[in-house]
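Results of the structural survey
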Amino acid sequence: IFGRASDPIVLDQYDQIAADLNTTALDRRDPGWLNNILRAFAVHPDYATHTATDSLVDWLAHHQTPRDDWGPEIPFYQVLNALAHLETDVANRQCERAFDCLVQRQASDGGWGKTDRQWKTFLAVHALRNKALI
């Protein structure tokens, strides 16, 4: 939102997206779309604590796998980074589990990801920093 968090046009768009989330079951939504919405809501000062964000975080909690990721359709590093911006118990529990997975995914050079390594390493480090782990 880059300095436009209070702009009425931006707020209207966020309101429309939040309302739209309530009209169709989250399981019927594209996981990539849900990921992008979570990332947008997590960094907005008003929407980080919105009920729509809570719904997305709860939905993700039910999709976190025994491997501590969210399955192949949900981008691990982006979701971890978005959750690390939030201060809810549900988001924090998912982060704790995902940080265990993050340790296993770290390459010998200290970075993350097989592709887009700089981006994924940034997302991982930023998530760790947001949770004061580094």
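As the structure is a computational prediction, the values presented were derived from the model and not from experiment.

On to the overall build of the protein chain, then. The number of helices and strands found in the protein chain is six helices and zero strands. Moving toward the C terminus, one meets the helices and strands of the protein chain in the order α-α-α-α-α-α. In terms of overall dimensions, the protein chain is globule-like: its C-alpha atoms have a radius of gyration of 15 Å, near the 14 Å expected for 134 residues. Projected onto its principal axes, the C-alpha coordinates of the protein chain cover approximately 45 × 30 × 30 Å. Sorting the 134 residues of the protein chain into buried and exposed places 42% on the buried side.

Contact geometry for helix H3 (residues 51-63) and helix H5 (residues 89-105): axes closest at 9 Å, N-to-C directions at 35°. Of the two elements, H3 crosses H5, and the hand of that crossing is left-handed. Between H3 and H5, the contacting residues are Val57, Asp58, Leu60 and Ala61 on the first element and Val90, Ala91 and Gln94 on the second. Among the residues forming the contact of H3 with H5, the class breakdown is five nonpolar, one polar and one charged.

A few words now on the environment of Asn36. Here Asn36 is to be found in helix H2 (residues 31-42). Spatially, the C-alpha atoms of Asn36 and Gln78 are 8.6 Å apart, while their sequence positions differ by 42 residues.

What follows is about the pattern of salt bridges. Tallying each qualifying case throughout the model produces seven salt bridges. Taking the shortest distance from any N to any O, the salt bridge between Asp7 and Arg4 comes out at 2.7 Å. Close ionic contact of Asp109 with Arg117 constitutes a salt bridge, the shortest N to O distance being 2.6 Å. According to the relative accessible area criterion, Asp109 is exposed, its value standing at 58%. Where salt bridges share partners, they join Arg67, Asp69 and Arg105 into one cluster.

Further remarks concern a nonpolar patch on the surface. On the surface, a cluster of nonpolar side chains totalling about 280 Å² of accessible area is made up of Val125, Leu133 and Ile134. Mapping Ile134 onto the fold places it in the segment after helix H6 (117-130).

As a packed pair, H2 and helix H4 (residues 76-84) sit with axes 9 Å apart at the nearest point and diverge in direction by 25°. Of the possible angle classes, the one that applies to H2 and H4 is roughly parallel. As for the relative orientation of H2 and H4, their crossing is left-handed in sense. Here H2 contributes Asn35, Leu38, Arg39 and Ala42 to the contact with H4, which in turn contributes Gln78, Val79, Ala82 and Leu83. When grouped by side-chain class, the residues that make up the contact of H2 with H4 number five nonpolar, two polar and one charged.

It is worth spelling out the nonpolar core at this point. Grouped together as the largest cluster of nonpolar side chains are 38 residues, with contacts concentrated most on Phe41, Trp70, Leu80, Leu83 and Leu102. The set of elements that each furnish at least two residues to this core consists of helix H1 (8-21), H2, H3, H4, H5 and H6. In terms of residue count, H4 provides more of this core than any other element does, seven residues in total. In contact with Phe41, other than residues within four places in its own chain, are Tyr14, Ile17, Ala18, Leu21, Tyr47, Ala48, Ala52, Thr53 and Leu56.

About the criteria used
Residues numbered from 1 in each chain as written. Predicted model: local features only at pLDDT ≥ 70, side-chain atom pairs only at ≥ 80, totals over all residues. Heavy atoms only, no water. Helix = DSSP H or I, 4+ residues; strand = E, 2+ residues; numbered from the N terminus. Rg over C-alpha atoms; globule rule 2.2 N^0.38 Å. Buried < 20%, exposed > 50% of the residue type's maximum accessible area, 1.4 Å probe, protein only. Axes fitted to C-alpha atoms, helices over the stretch in contact; angles between N-to-C directions. Left-handed = near helix turned anticlockwise from the far one by under 90°. Contact = heavy atoms within 4.5 Å. Nonpolar A, V, L, I, M, F, W, Y, C, P; charged D, E, K, R; others polar. Salt bridge = Lys/Arg side-chain N within 4 Å of Asp/Glu carboxyl O. Patch = residues over 30% accessible without salt bridge, like charges linked within 9 Å, V, L, I, M, F, W, Y side chains within 5 Å. Areas by Shrake-Rupley, 256 points an atom, 1.4 Å probe, with all protein chains shown as cover. Parallel < 35°, antiparallel > 145°, perpendicular 65-115°, else oblique. Core = buried A, V, L, I, M, F, W, Y, C linked by side-chain atoms within 4.5 Å.

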